[in-house]
Amino acid sequence: MSEKPEINEVDALPEDEALENSVTIPALRMRKALRICALTFASLLLIAVLLYGIFSGLLREKTEVYHNEFPAMGTVAKISVYTSGEDLRRANEICQSEFAAVTRVCSLYDPQSELSRLNESAASSPFVCSDMMWELLMRAKVAYEESDGYFDITIKPLMDLWGFYRQRGTPPDEAEINETMRLIGFDKLEFDESRHTIRFTVPGMALDLGGLAKGYAADRAAEAICRAGITAGVIDIGGNLRMLPDAPPGKDFYRVAIRDPHRAGEVLDEQLNVRPGMAVSSSGDYERFVVYDGQRYGHIISPKTGRPAIISAVTVVAGNAMDADVFSTSCCLGGEAVAARLKARYKGLQIHFTR
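Rules behind the numbers
- All residue numbers refer to position in the chain's written sequence, counted from 1.
- Local features in a predicted model are, by the rule used here, given only for residues with pLDDT of at least 70; side-chain atom pairs are given and counted only at 80 or more, and totals for whole chains, interfaces and linings are based on all residues.
- As a rule here, side-chain values cover all heavy atoms of the structure and leave hydrogens and water aside.
- Helix and strand definitions follow DSSP, with helices as H or I runs of at least four residues and strands as E runs of at least two, each counted in order from the N terminus.
- For every residue, the accessible area (1.4 Å probe, protein chains only) is compared with the maximum for its type, and the residue is labelled buried under 20%, exposed over 50%, or partly exposed between those bounds.
- Here, residues are in contact when the closest pair of their heavy atoms is within 4.5 Å.
- When DSSP finds at least two bridges between two strands, those strands are taken to pair.
- Each axis is a line fitted through C-alpha atoms, taken for helices only over the stretch in contact, and angles between the N-to-C directions span 0 to 180 degrees.
- Pairing of aromatic side chains requires ring centres within 6.5 Å, counting the rings of Phe and Tyr and the six-membered ring of Trp. Pairs whose planes differ by under 30 degrees are stacked, by over 60 edge-to-face, and all others tilted.
- Each nonpolar core is a collection of buried residues, namely Ala, Val, Leu, Ile, Met, Phe, Trp, Tyr and Cys, held together in the definition by side-chain atoms within 4.5 Å.

> Explanation requested: the overall build of the chain in the structure shown.
In terms of regular secondary structure, the chain is built from 9 helices and 14 strands. Relative to its full complement of 355 residues, the chain shows a buried share of 44%. Restricting the contact set of the chain to residue pairs at least 6 apart, pairs at least 24 apart contribute 61%.

Set out below in structure tokens:
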């Protein structure tokens, strides 16, 4: 009995069907291979996502924010960095050094500071300024002009009169204010730009650099910290904030709260998104003041009236801390008119008033 010949399933089909199946079977095999590749790719992608999450968590842990604070320039300095505790230690050392250097020049409480010696002698003969002092005086000169005279570093006699350096029992009367006003005015200063000297044209004049010294110190510290390779963080000295040039990890901005001038220790609902490298300064009557007969008088005194500012607070966002410091004082005294002048001159300047 002869064996049946083996029958190939394709051979047993009609010619058209056999042709169709001869194409379909390799295609099925190809689709199966593609599905396996897709599943393999999806698995690898899932593993990559999990590893990224783990790595990101480790990175966040490594780049958490580190804080420290210490007394400086008659206020509290706060330093924050987003790198490591060792970088915070180095940043503290740098800031303390820079703040001490500015204090040696600008302090009114140290009789040996450069400013104290200048105030003591500049009415008798021209005082030769250090490079730092000259830089500050020239910035004050520009600020006086830009603010229409509201920013005026010759304000110290009025600060003395109102009791901000030596307490008195009652507020000054009209006659005392008028008498003191004869000592006020940046236009009463004489400068020799070739010799870097300053002279008082009226005996009894005196300078107060409190409206720009802290901002200047924050800028110096930020520049020195960046040179040391620390580029993400914030320097805050008495409410004068300078952001370092890199944003916090995973962020585009620094978030800055605005202090409520009417409620101690509270902040306003509004918060600012501040770009890296920018600066913020607030001026107002809430931090330093005197009280006479139950009425509070803020320390920002107008060189035009001899009396305290009537605006509760101003917050400024500017390109550097010294500008922000100067502009917040200027606008606290000159109001919206000065703010408009400054905004027209400085692109991107932000000024927020709190009444």
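That was the structure; now back to the text.
> Whenever I open this one, the sheet that holds strand β4 (residues 189-192) confuses me. Can you help?
The strands that make up a sheet are held in pairs by hydrogen bonds between backbone atoms, and each pair lies either parallel or antiparallel. If you walk across this open sheet you meet the 3 strands as β3-β5-β4, and the pairing is antiparallel. What marks the edges here is a single partner per strand, and that holds for β3 (127-128) and β4. Bridge count for β4 against strand β5 (residues 197-200) is 4 bridges, and the pairing is antiparallel. By the bridge assignment, F191 is partnered in β5 with I198. Relative to β4, helix α5 (residues 131-146) is tilted by about 125°, and along the sheet it contacts β4 and β5.

> So what exactly am I meant to see when it comes to the packing of aromatic side chains here?
Geometrically, a pair of aromatic rings is defined through the distance of the ring centres and the angle of the planes. The final tally for this structure, using the stated rule, is 6 aromatic pairs. When the centroid spacing of 5.2 Å and the interplanar angle of 25° are considered together, the rings of Y144 and F186 count as stacked. Here Y144 is found in helix α5, whereas its partner F186 is found in the loop between α7 (174-181) and β4, with 42 residues between them in sequence. Looking at F186, the relative accessible area reads 4%, which means it is buried. On the numbers, 4.9 Å between centres and 50° between planes, the contact of F327 with Y346 is tilted. With F327 in helix α9 (residues 321-345) and Y346 in the loop between α9 and β14 (350-354), this pair connects stretches of sequence that are 19 residues apart. Taking the relative accessible area as the measure of exposure, F327 reaches 1% and is therefore buried. Assessed through its relative accessible area of 24%, Y346 is described here as partly exposed. These aromatic residues form a ring-pair network of at least three members: W134, Y144, F186 and F191.

> Looking at this structure, how should I read the side chain of K156?
Among the structural elements, K156 can be located in helix α6 (residues 156-161). Residue K156 is classed as buried on the basis of its relative accessible area, which comes to 15%. Sequence-distant contacts of K156, defined by excluding residues within four places in its chain, comprise L108, N119, Y165, A206, L207 and D208.

> How should I be thinking about the environment of F289 in this particular structure?
With respect to the secondary-structure elements, F289 resides in strand β11 (residues 289-292). A sequence separation of 127 residues divides F289 from W162, and the C-alpha atoms of the two residues are 9.7 Å apart.

> Sorry, what's going on with the nonpolar core here?
In a soluble, globular protein the nonpolar side chains are often hidden away together inside. Ranked by size, the top nonpolar core spans 72 residues in total, and within it F99 and I235 carry the most contacts. Sort the elements by how many residues they give to this core and α9 lands first, with 11 residues. The residues contacting F99, other than those within four sequence positions of it, are F70, A72, M73, A77, A217, A218, A221, I235 and I237. Grouped together as the second largest cluster of nonpolar side chains are 13 residues, M159, L161, I177 and V290 included.

> How should I be thinking about the sheet that holds strand β13 (residues 313-318) in this particular structure?
Overall, antiparallel pairing links the 7 strands, which are arranged β1-β2-β6-β7-β10-β13-β14 in an open sheet. Unpaired on one side and paired on the other, β1 (66-72) and β14 mark the two borders of the sheet. Going from strand to strand, the sheet's axes swing by 15° on average, the running direction of each strand aside. In terms of strand pairing, strand β2 (residues 75-81) meets strand β6 (residues 233-237) through 5 bridges, oriented antiparallel. Residue I79 lies in a different strand from β6, and its bridge partner there is I235. Across the sheet, helix α3 (residues 85-106) lies against β1, β2 and β6, angled at about 20° from β1, the strand it touches most. The strands touched by α9 are β7 (240-243), β10 (279-284), β13 and β14; relative to β10, the strand with the most contacts, the crossing angle is about 60°.

> Would you mind going over unusual backbone geometry with me for this structure?
Residues apart from glycine generally show negative phi values, whereas peptide bonds are mostly found in trans. We note that M73 has phi near 55°; this positive angle belongs to a residue other than glycine. Counting through the fold element by element, M73 comes out in the loop between β1 and β2. Given the relative accessible area of 19%, M73 is considered buried.

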